[in-house]
Amino acid sequence: MTATRGDGGRISGILHNPRLSGEGRTSVPERPTEETSGAPVPCRVVVCRDCCCGSPKVTGDHAAQTARLRAEMPVRISDCLDVCDQANVIVVQPSTAGRAAGARPVWLGLVNDPEATEDIVTWVRAGGPGVAPRPDILDLYAFTPPRRRTEP
């Protein structure tokens, strides 16, 4: 994707929030898709890091966990996902192939030790949701997030 800045300059691969200006302006890398990259999109993980997840309230080396995941797959850091009773929360999003097979994101909670992180890495390397069967050990961490109500 190519966009044009207000000063006429071209921006390739970056989306800018037009509501923000000056020093408050933020840019977000364009989310690759099969159409924009020409290659299938791999599994991604979302790691909650806010009020409980990633804080001293929860045991574990949060920086090492995030670094380990980032070494193997695309990682997004999220604000609170509103499931603090499950901290640390990691959501594994299916790859293009997994989505084509009907897979949905898998929410994993209480991922507080390096062994659990390695189990996630191994599963994602094998293809993740919809491509590789979820290892039995990860069934212990899987949970269904509460549905969010929308206020009228």
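Here is what the cut-offs are and how they apply
Residues numbered from 1 in each chain as written. Predicted model: local features only at pLDDT ≥ 70, side-chain atom pairs only at ≥ 80, totals over all residues. Heavy atoms only, no water. Buried < 20%, exposed > 50% of the residue type's maximum accessible area, 1.4 Å probe, protein only. Helix = DSSP H or I, 4+ residues; strand = E, 2+ residues; numbered from the N terminus. Pairing = 2+ DSSP bridges. Expected span 1.5 Å × (residues − 1). Contact = heavy atoms within 4.5 Å. Polar contact = N/O pair within 3.5 Å; in protein donor to acceptor, adjacent residues only side chain to side chain. Disulfide = S-S within 2.5 Å.

J.: Help me understand the pairing of strand β7 (residues 90-93) in this model?
T.: Put simply, side chains in a regular strand alternate between the two faces of the sheet. Taking every second residue as pointing to the same face, both faces of β7 are buried, with Ile90 and Val92 on one and Val91 and Gln93 on the other. Across 4 bridges, strand β5 (residues 44-48) lies against β7 in antiparallel orientation. Bridge pairing links Val47 to Ile90 in β7. Relative to strand β8 (residues 106-108), β7 runs antiparallel, the two being bridged by 3 bridges. Note on β8: the bridge partner recorded for Val92 is Val106.

J.: Even after reading the chapter, I still don't get helix α4 (residues 114-126), so can you show me in this structure?
T.: Counting along an α-helix, one turn takes 3.6 residues, and residues three or four places apart therefore face a common direction. The terminal C-alpha atoms of α4 lie 18 Å apart, and with 13 residues this matches the ideal 18 Å at 1.5 Å per residue to within 8%. Those residues of α4 hidden inside the fold are in contact with α2 (62-70), β7, β8 and α5 (136-139). At the N-terminal end of α4, a side-chain oxygen is found 3.2 Å from the backbone nitrogen of Glu115, two or three residues along, and the residue is Asp113. Downstream of α4 by one or two residues, Gly127 has phi in the positive range, about 130 degrees.

J.: I keep staring at unusual backbone geometry and nothing clicks. Help me out?
T.: The bulk of non-glycine residues show a negative phi, and the bulk of peptide bonds are trans. The omega angle of the peptide bond from Ala87 to Asn88 is 0 degrees, so this bond is cis rather than trans. At Asp82, a position not held by glycine, the phi torsion is positive, near 65 degrees. Tracing the chain through its elements places Asp82 in the loop between β6 (75-78) and β7. Of note in the backbone geometry, Leu110 takes a positive phi value of approximately 60 degrees without being a glycine. Note on placement: Leu110 falls in the loop between β8 and α4.

J.: Just to check I follow, could you spell out the state of the cysteines for this structure?
T.: Put plainly, two cysteines are in a disulfide when a covalent bond ties their sulfur atoms together. If you walk through the whole model with that rule in mind, you get 0 disulfides. With no disulfide partner, Cys84 has as its closest neighbouring cysteine sulfur the one in Cys51, 3.5 Å distant. Look at Cys84 and you get partly exposed, because its relative accessible area is 33%.

Worth remembering: the numbers are spatial, not functional.
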